[in-house]
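# Examination of the molecular architecture
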Amino acid sequence: WMLWLVAHRPELQHAIRDEAAKRAAGAFSLRDFPVAGAIVRETLRLFPPILQLMREIRVPLTIGDVTLEPGSVAIVAIYAMQRHRRLWDQPDAFLPERFLDPQGDTRERRAAWLPFGSGPRGCIGSSLALVELALFLVMTCQRFSLSPNPESPLQCHVEWTLRPVGDAPIFLHSRD
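Everything numeric here is computed off the predicted structure, so don't read it as measured data.

### Focus: the side chain of Gln82
Mapped onto the elements of the fold, Gln82 is located in the loop between helix H4 (78-81) and helix H5 (107-111). Not counting chain neighbours up to four residues away, the residues in contact with Gln82 comprise Leu44, Arg45, Pro48, Trp88, Ala112, Trp113, Leu114 and Pro115.

### Section: the pattern of salt bridges
Applying the stated rule across the entire model yields six salt bridges. Its salt-bridge partner being Glu11, residue Arg9 comes within 2.3 Å of it at the nearest N-O pair. For Glu97, the salt bridge goes to Arg9, with nearest N and O atoms at 2.4 Å. Of the two residues, Glu97 sits in the loop between H4 and H5 while Arg9 sits in the loop between helix H1 (2-7) and helix H2 (10-22), which places them 88 residues apart along the sequence. Its relative accessible area of 34% is what places Glu97 among the partly exposed residues. Linked through salt bridges whose partners overlap, the residues forming this network are Arg9, Glu11 and Glu97.

### Brief notes about the confidence of the model for the protein chain
With 97% of its residues at a pLDDT of 70 or more, the protein chain shows a mean pLDDT of 89. For the protein chain, per-element mean pLDDT is lowest for H5, which scores 73, and highest for H1, which scores 96.

### As for the packing of H2 against helix H6 (residues 126-143)
Running from N to C, H2 and H6 point in directions that differ by 100°, and their axes come no closer than 9 Å. Considered as vectors, H2 and H6 are oriented roughly perpendicular to each other. Counted together, Gln13, Ile16, Arg17 and Ala20 of H2 and Leu137, Val138, Cys141 and Gln142 of H6 form the full contact between these two elements. Partitioned by chemical class, the residues of the contact of H2 with H6 number five nonpolar, two polar and one charged.

### Some details on the nonpolar core
Ile16, Ala36, Ile39, Phe94 and Leu137 are the most contacted members of the largest nonpolar core, which totals 34 residues. Elements represented by at least two residues in this core include exactly H1, H2, helix H3 (34-46) and H6. Residues contacting Leu137, with those up to four places away along its chain left out, are Met2, Leu3, Val6, Ile16, Ala36 and Ile39.

Conventions and cut-offs
- Residues numbered from 1 in each chain as written.
- Predicted model: local features only at pLDDT ≥ 70, side-chain atom pairs only at ≥ 80, totals over all residues.
- Heavy atoms only, no water.
- Helix = DSSP H or I, 4+ residues; strand = E, 2+ residues; numbered from the N terminus.
- Contact = heavy atoms within 4.5 Å.
- Salt bridge = Lys/Arg side-chain N within 4 Å of Asp/Glu carboxyl O.
- Buried < 20%, exposed > 50% of the residue type's maximum accessible area, 1.4 Å probe, protein only.
- pLDDT = per-residue confidence, 0-100.
- Axes fitted to C-alpha atoms, helices over the stretch in contact; angles between N-to-C directions.
- Parallel < 35°, antiparallel > 145°, perpendicular 65-115°, else oblique.
- Nonpolar A, V, L, I, M, F, W, Y, C, P; charged D, E, K, R; others polar.
- Core = buried A, V, L, I, M, F, W, Y, C linked by side-chain atoms within 4.5 Å.

Next comes the structure, spelled out in structure tokens:
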């Protein structure tokens, strides 16, 4: 999903290359690549690895004016929450800039971004995944220019996860 989204925004590819050019040699840090990190976060907001979380309620839980009793099952619809119109401006648009604006990083939005779950049952590898995805994106943009393939648009297939379906949805053009 990430490469397909970035293929439609060449200016983001240039911004990533600029970040890489400014970085000193050494260990990779997300702090050195805010644009790449924002792209990863925005991609995961639009296309979370899992669509929902289910939890059995063990003690009474009140949400708004509804109380869930023990034995109930609560479903947190991550996909819907991460595209909720009260929390996100233009919720269906790919706008990684939203993660670069410190004023836009409200507590509600941080709580509504759950591509890896949260708390004791959250993904133990989420930090590693964020670094790996950003590093992959940076290395890809340094070596290639990406463009969408209009003959083969990417489709979304829903199972337990959101799977991209399509033959060659992007073109990679060597930058050598």
